[in-house]
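# Topology and contacts: notes
Next come the chains, spelled out residue by residue.
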Amino acid sequence: MEENNLNLQEQGVSLGDIFGWIFKGKIPGLIVAGILFLLSFIAIVFIVSPSGEIYEVQFDYSGIPGLNGGTYIDGTKFNYQDIIVEENVNAVIENNKKLYAEGKTNYDYSTIDLEKLFESNKFTIDVKRIYWENDNKDAEPELKATNYIISLPPKAFKSATLAKMFVKDLIERPLYKTQEMVETMDFKTNLDMYNSVLSFDTKLDYLKAQVSLLENGFNSFNGKVGGTQYTIDGKTYNFAAIVAGINDFLSSQNYSTMSAELRQIGYVNDKNLAKHRYEIQMDDLVKEEAYLNAQLTKVNETYTEAKKALESIGTGTVVTTDQVLSLLTQLNDTLLNKKTSLDSEILANKEEQRKLQIKIDALNTLSDEDNAAFKARLDNIYERLVIETETYDKVYKTITTRDMYVYYTNSNVITTTGGMSAMIKFGAPVVLAIVSFVCVAWVYGYLKSKKEEVKSEEVASE
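Analysis parameters
As a convention, each chain's residues are numbered from 1 in the sequence order in which they are written. Confidence filtering applies because this is a predicted model: local features only for residues at pLDDT of at least 70, side-chain atom pairs given and counted only at 80 or more, and all residues used for totals across whole chains, interfaces and linings. Side-chain numbers here rest on the full set of heavy atoms in the structure, without hydrogens or water. We call a set of buried Ala, Val, Leu, Ile, Met, Phe, Trp, Tyr and Cys residues a nonpolar core when their side-chain atoms join them within 4.5 Å. Think of it in three bands: with a 1.4 Å probe and only protein chains considered, a residue is buried below 20% of the maximum accessible area for its type, exposed above 50%, and partly exposed in between. A helix here means a DSSP run of H or I that spans at least four residues, while a strand means a run of E at least two residues long, and both kinds are numbered starting from the N terminus. Should any heavy atoms of two residues lie within 4.5 Å, those residues are considered in contact. Here a Phe, Tyr or Trp ring, Trp counted by its six-membered ring, pairs with any other such ring whose centre lies within 6.5 Å, and the pair is stacked when the planes are under 30 degrees apart, edge-to-face when over 60, and tilted otherwise. Either the NZ atom of lysine or the CZ atom of arginine qualifies as a charge over a ring when it sits within 6 Å of the ring centre and within 35 degrees of the ring normal. One requirement defines pairing of two strands: DSSP has to find at least two bridges between them. Working definition: the arc comes from the directions between the helix axis and the C-beta atoms, pointing outward to the latter.

## What to know about the nonpolar core
In this structure, Phe 218, Phe 221, Phe 239, Leu 378 and Leu 385 are the most contacted members of the largest nonpolar core, which totals 43 residues. Residue assignment for this core shows that the elements contributing at least two residues are α8 (189–196), α9 (200–225), β4 (229–232), α10 (239–252), α11 (258–265), α12 (271–315), α13 (322–365) and α14 (368–402). Per-element accounting of this core gives the leading share, 10 residues, to α14. Residues contacting Leu 385, with those up to four places away along its chain left out, are Leu 191, Leu 207, Gln 210, Val 211, Leu 214 and Ile 246.

## Some thoughts on the packing of aromatic side chains
Per the stated rule, a full pass over the model turns up 19 aromatic pairs. With centroids separated by 5.5 Å and ring planes inclined at 80 degrees, the aromatic side chains of Phe 59 and Tyr 61 adopt a geometry described as edge-to-face. By the burial criterion, Phe 59 is buried, and Tyr 61 matches it. Through a chain of ring-to-ring contacts, three or more aromatic side chains come together here, namely Phe 59, Tyr 61, Tyr 72, Phe 78, Tyr 80, Tyr 148 and Tyr 408. Lys 177 extends its terminal NZ or CZ atom over the ring of Tyr 72, reaching a point 4.3 Å from the ring centre.

## Remarks on the pairing of strand β6 (residues 405–408)
Burial along β6 is one-sided: Val 406 and Tyr 408 are buried, and none of Tyr 405 and Tyr 407, which face the opposite way, are. As paired strands, strand β1 (residues 53–62) and β6 are joined by 4 bridges and run antiparallel to one another. In the strand pairing of β6, Phe 59 is matched with Tyr 408.

## Points about α8
Among the residues of α8, those classed as buried are Asn 190, Leu 191 and Tyr 194. Down the axis, α8 shows its buried residues gathered within 100 degrees of arc, on one side only. Elements in contact with the buried residues of α8: α9 and α14.

## A word on the side chain of Glu 388
Structurally, the position occupied by Glu 388 is in helix α14. Of the residues examined, Glu 388 reaches a relative accessible area of 9% and is grouped as buried. Beyond its immediate chain neighbours, meaning those up to four positions away, Glu 388 contacts Leu 214, Phe 218, Ile 242 and Ile 246.

Right, dumping it as structure tokens:
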């Protein structure tokens, strides 16, 4: 018996012995491995991994005028960092409360934990600008695209879907704001001013400004729609034809000669009012001329006296110091400059009187019929521009708003970064379970085998 035991010890432990022990301890090994797998998997998925996870959204504003350049369409400043400021966050949450109460949304933003959202600087926004390649190193780089990146802490939200809906509402606020600006834009300012002034000159200036706005506006649509026309609600608008129609109508009203007619003939909106205004202006000019002549008389008198003083000094008839001589010279020069200035102002005054007198003479010979005819031409142009402005308003707002949207880099909008990969989340517990199974089964099987050996030896010795 002792010789047999000695032989087993000399042979050592074989691979078969190890597998045998593991097989004998498989039940407790599986129990321990299963428990450790579940505990480690739960810990990794719900505790370890989430602590390093971040929600990320990449997006760009497309077709929104001015936004990527730092301004809204009305010229006010746009700062992308304002998207995530607390004021905007609160505004989005308040708006959501109304929608949720009215049953217009299934997402309740009041469940968002704002303390966790703003803590640890995990709620951030960054920008990445992409420029076109240019062989000319000295040329100003041309912006190709602007990508914004918002990061959010997942622990502030009950679900990724809630986070997605919330951040979309934040991101799209500038879009909605721009759409509201476009809808409230008023292209009738010049036409409104036309009705608020009396002077034909000023009325014509406002009509000219409106014509320029419409021509430039309609011509600019060609590049925006990729053609010369656009269809809205089944009606096609040909931009070149609209501009041509405006110009044809203006020609029929002799629009190009109206400024010259005003200067030469002197049409006015109200003859009696104009005559009264001209008389007041002439009276003011006459009074101003009298005042200037009085000033000139005083200057001439003072200048004459100063000149005599200088001449007397020059002949030596008056004894004076160099300082007095210098002062007299300066006075003479000053008076001479003042005299020249007054002469110029008087000439300008007389020219104004001459021009005004031409207007007064023209007004006296102007017939009521001719004056009314000119006013009718102005009003005809105004009425046509009102119609064309309504068309422009509709086309502009439709074309401008149709191409405005937010482009999200990921089709799901939101992605999860950081934390652990799915392979690690599942693989680590599996490895732990396998190792624990082998260790527990081996130890348990080994101890069980040893007990069996001891029992067999005791039975054999008996």
